[in-house]
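Observations on chain architecture
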Amino acid sequence: MEKNWRKLRLGKKLQLSMGFSKLLLSQEGMELGDQEKDGTSVAASAELSVAWKSLLLTSGIEVSLDMLHVFIRKESKFMILFCEGRNITNKESSIQKRATATHRGQVIFKDALAQQLCEQGAEMHSDSIILRDDFDSYHQQELNPTMWSECSNCEVGEHCGVIMHGSAATFCEPYGPRELTTTGLNTTTASVLQFSLGSGSCRFSYSDPSITVSYSKNSSADWTQLEKISAPSNISTIIHILYLPEDAKGENVHFQWKQDYVHAGDVYEACWALDNVLIINAAHRKVVLEDNLDPVDTGNWLFFPGATVKGSANCGVMAVCSFLTRGAEGQALISSLVTRDKVRGNDTKLCQHSCQSDGNSIYFHGTEGSEFNFATTRDVDLSMEDAQEQWAEEFENQPKGWDIFGAVIGTECGTLESGSAMVFLRDGERKICTPYMDTTGYGNLRFYFSMGGTCDSGESHENDVILYAKIEGRREHIPLDTLTYAAYKVPSLVSVVISPDLQTPATKFCLKQKSHQGHNRNVWAVDYFHVLPVLPSSVTHMIQFSINLGCGTYQPGNSVSLEFSTNHGRSWSLLHMECLPELCAGPHLPHSTIYASENYSGWNRITIPLPNAALTSDTRIRWRQTGPILGNMWAIDNS
């Protein structure tokens, strides 16, 4: 431990080291005097009841908490909190502990769960998250044993540089085996498994075997494949989103990433790494999301790589105290969703640009190694009742003017929306196209889709169904979405933006399956095609937030896009796209949700209505930096 750090260990015994000057324990009425003698420290201890509540340090930081470790730097620049021993999760609600910290009357964090402070990027069994790990939040750069039960030849760190942000679980051992397994999880209310995978700065390979993602139930040795993923063959990081079938839901489910074995005598040629593992809890979906970040509600956000949560006042303290920090081998490291800078007297650099927010903000500092700069909310239920459709087809009878191949009308795959559906189960081509329509007043295409369920399921991405548009007089197909074979075993609503370039006097929409294995194999069905205008007739949902690009400096080319996803982040669309007279045939929209530094330097308050396409039961919002990242700062607040 560096000499400019002082350590307080909390528990049944109080231990002081590195020279506290004064400590007051209000509940016990106990005061310990100056512990320094000629620059050296004298350890002292005193028995305490486990019910102690608060302490006051003469450095001016007051903390009320039940934590295990607190570190205060002598200069009062930083306060470092980190956990030790067994993690506290929502499953253990009877021992949940909350913490409050203030500095000169200003709240740093208030009534925050110890879990939120000590596992910011590592969370289990909360209202919004079943498992979340960014591999930065557990001390000493190890795997969190409450989340991971087995690791073969993996290493936590930045051996392959940045995969998403900070550390990752890296597999580089050439002789294998290579596998990583979670502990048993309660996935009863899980929806999707999300993770990022790439080779980063390490060598990639065109010939290394695939990586299989599987699950097992009740600690069984039998593993069921969810997905087989090709080993990275370039430097890109790919975010994978796997929909969990009903069979993968239960009270004791393990997930495993395992690279297939190489042939005898061969070795793995390349490395790969795993980052930002997330399993979403679909049981407690919010209908309103509000966060002024003072303090931050971690349940509102999935990830925001490249960002720090901090405020403008007294930046040295505020820059780190809203989130977990951790230490290892005598060096204090600020971790997780906060920042990965090592504290080596660089607190001035860390706090040069706070964007002068009123309280905390999510601040992106534009540093090297931040290839992915975005902030993503959790899924929110924005579904609406009695939407005013402009055109619809329910497939109770053979529709007129449609091009349909390989399908029958019926209930062979059960009920999708209501009554009958169009079921694609025949040999040969399977395809459906709407008639050409005047879409100049349309903004949202919707339909219900299923593959599998009570029918034969798809088996690989060769069975995926492609959604595309075609404009009369043009040969090209305009891809809109890919409906993956494993994502729709339960009938689900598909909501797609009809963008300004598709708002023409004659546009049609088609679904076509890539391939299938014959009659009654890899079956899919659609129901209730309908279209809606860009905006509801009366505004029902709004988004408000503050944004600052540049944080007081001129940064040409810096821009941020505001996007939404209705399929758990598998695909994204701009919330609004500009549509100007004489340039666009659709409804007039004077602005897009791309915010450029030329127009949004300084803090700007944005209030915009949500389009129909975003009004679903599983909508998440993302702010994503689209311009150059290095040196370009920005921040959001009060969303």
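So, here's what we can say about the structure. If you're wondering where the values come from, they're calculated on a predicted model, not measured in any experiment.

**Things to note about the sheet that holds strand β41 (residues 507-513)**
An order of β33-β36-β41-β38-β39 is seen for the five strands of this open sheet, with the pairing classed as antiparallel. Of all the strands in the sheet, just β33 (403-405) and β39 (478-483) have a single pairing partner and so form its edges. With strand direction ignored, the average angle separating the axes of adjacent strands in the sheet is 15°. Summarising the sheet, strand β38 (residues 465-471) and β39 pair through five bridges and their orientation is antiparallel. Note on β39: the bridge partner recorded for V465 is L483.

**Focus: the layout of surface pockets**
Its volume calculated, the largest pocket comes out at about 970 Å³. As for the largest pocket, its lining consists of 41 residues, and the residues nearest its centre are Y243, Y488, T566, N567 and H568. Sorting the residues of the lining of the largest pocket by element identifies β20 (190-198), β39, β40 (492-497) and β44 (559-565) as the ones contributing at least two each. Sort the elements by how many residues they give to the lining of the largest pocket and β40 lands first, with six residues. For the lining of the largest pocket, the residue count by class is 21 nonpolar, 13 polar and seven charged. Reported here for the second largest pocket is a volume of approximately 600 Å³. Along the walls of the second largest pocket sit 31 residues, with E227, K228, I229, L242 and H461 positioned nearest its centre. Listing elements by their share of the lining of the second largest pocket, those giving two or more residues are β20, β22 (224-229) and β23 (238-243). When its residues are assigned to classes, the lining of the second largest pocket shows 15 nonpolar, 11 polar and five charged.

**Considering unusual backbone geometry**
The backbone of F135 shows a phi angle near 60°, a positive value even though the residue is not glycine. Looking at the element boundaries, F135 is found in the loop between β15 (129-133) and β16 (148-152). For S219, which is not a glycine, the phi torsion comes out positive at approximately 60°. Locating S219 in the fold gives a position in the loop between β21 (211-217) and β22.

Rules of the game
Counting restarts for each chain: residues are numbered from 1 in the order of the written sequence. Selection of residues for local features in this predicted model requires a pLDDT of at least 70, selection of side-chain atom pairs for listing and counting requires 80 or more, and totals for whole chains, interfaces and linings are taken over all residues. Working from all heavy atoms in the structure, the side-chain values ignore hydrogens and water. Strand pairing follows a simple DSSP-based rule, namely that at least 2 bridges must link the two strands. Elements are defined by DSSP. Helices are runs of H or I of four residues or more, strands are runs of E of two residues or more, and each kind is numbered from the N terminus. Fitted lines through C-alpha atoms give the axes, limited to the stretch in contact for helices. The angle between two N-to-C directions lies from 0 to 180 degrees. Note on definitions: the grid is 1 Å and covers protein atoms alone; a cavity is a set of points where a 1.4 Å probe fits but cannot get out; a pocket is an open set with protein on both sides within 12 Å along at least five of seven lines; lining residues have an atom within 4 Å of a point. Grid points are joined across faces, edges and corners, and a volume is the space filled by probe spheres set on the points. For this classification, Asp, Glu, Lys and Arg are treated as charged, while Ala, Val, Leu, Ile, Met, Phe, Trp, Tyr, Cys and Pro are nonpolar and the rest, including Gly, are polar.

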